[in-house]
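Below are the chains, spelled out letter by letter.
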Amino acid sequence: MSSASDTDRLLAEQLLRLTRRLHRIQKRHMEPLGITPAQSRLLRLVSHYEDDRAPRMADLAARLEVVPRAVTTLVDGLEAAGCVRRAPDPANRRVIRIELTDTGRATLRRLRNARTDAAEEILAPLTADQREVLGGLLNALSDAPAERC
């Protein structure tokens, strides 16, 4: 009979394998759009600021939990693709804000469709009832309080 720690170890490995598979599938669905998963995350994050003031690079770095240089590289690529633009803050011209362009909004719509297609592919083996159970389990895991080190 296996112990709880053996079960937990197996579950951890299964979750890691599923995560890697999900990333591969999402990447394959996003590739035709010319957007990397990291650029996709940044676009989604910038879009959340749409109702407020556009974010600064430092805001994005903090939210993504990366160094500012990583955000600069992502913004450079997205700016070259016409998805975002750097704009001076009207209240403080030394501050640069990152704004979503119309091309960026259209790209986000295509990315959402690609993510939905990827989810459909990964969930295909499950019945509707299994998907509902999985959704409940994922919510329980996602909503659990994080332990601090």
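Residues numbered from 1 in each chain as written. Predicted model: local features only at pLDDT ≥ 70, side-chain atom pairs only at ≥ 80, totals over all residues. Heavy atoms only, no water.

Peer 1: So what exactly am I meant to see when it comes to the pairing of strand β1 (residues 84-89) here?
Peer 2: Note on strand geometry: in a regular strand, side chains alternate between the two faces of the sheet. Pairing analysis gives six bridges linking β1 to strand β2 (residues 92-100), with the strands arranged antiparallel. Directly across from Arg-85, in β2, lies its bridge partner Glu-99. (Pairing = 2+ DSSP bridges. Helix = DSSP H or I, 4+ residues; strand = E, 2+ residues; numbered from the N terminus.)

Peer 1: What am I meant to see in the layout of surface pockets here?
Peer 2: Any space left empty among the atoms is revealed by the rolling of a water-sized probe across them. For the largest pocket, the calculated volume is near 340 Å³. Surrounding the largest pocket, 17 residues form its lining, Leu-22, Ile-122, Leu-123, Leu-134 and Leu-138 being those nearest its centre. When contributions to the lining of the largest pocket are tallied by element, the ones reaching two or more residues are α1 (4-30), α5 (102-123) and α6 (128-143). Of all the elements, α1 adds the most residues to the lining of the largest pocket, at six residues. In the lining of the largest pocket, the residues fall into 10 nonpolar, four polar and three charged. The volume enclosed by the second largest pocket comes to roughly 290 Å³. Within the residue set of the lining of the second largest pocket, elements represented by two or more residues are α1 and α6. Of the residues forming the lining of the second largest pocket, the biggest block, five residues, is contributed by α1. Partitioned by chemical class, the residues of the lining of the second largest pocket number seven nonpolar, one polar and one charged. (1 Å grid on protein atoms, 1.4 Å probe; cavity = no way out; pocket = protein on both sides within 12 Å on 5 of 7 lines; lining within 4 Å. Points joined across faces, edges and corners; volume = space filled by probe spheres on them. Nonpolar A, V, L, I, M, F, W, Y, C, P; charged D, E, K, R; others polar.)

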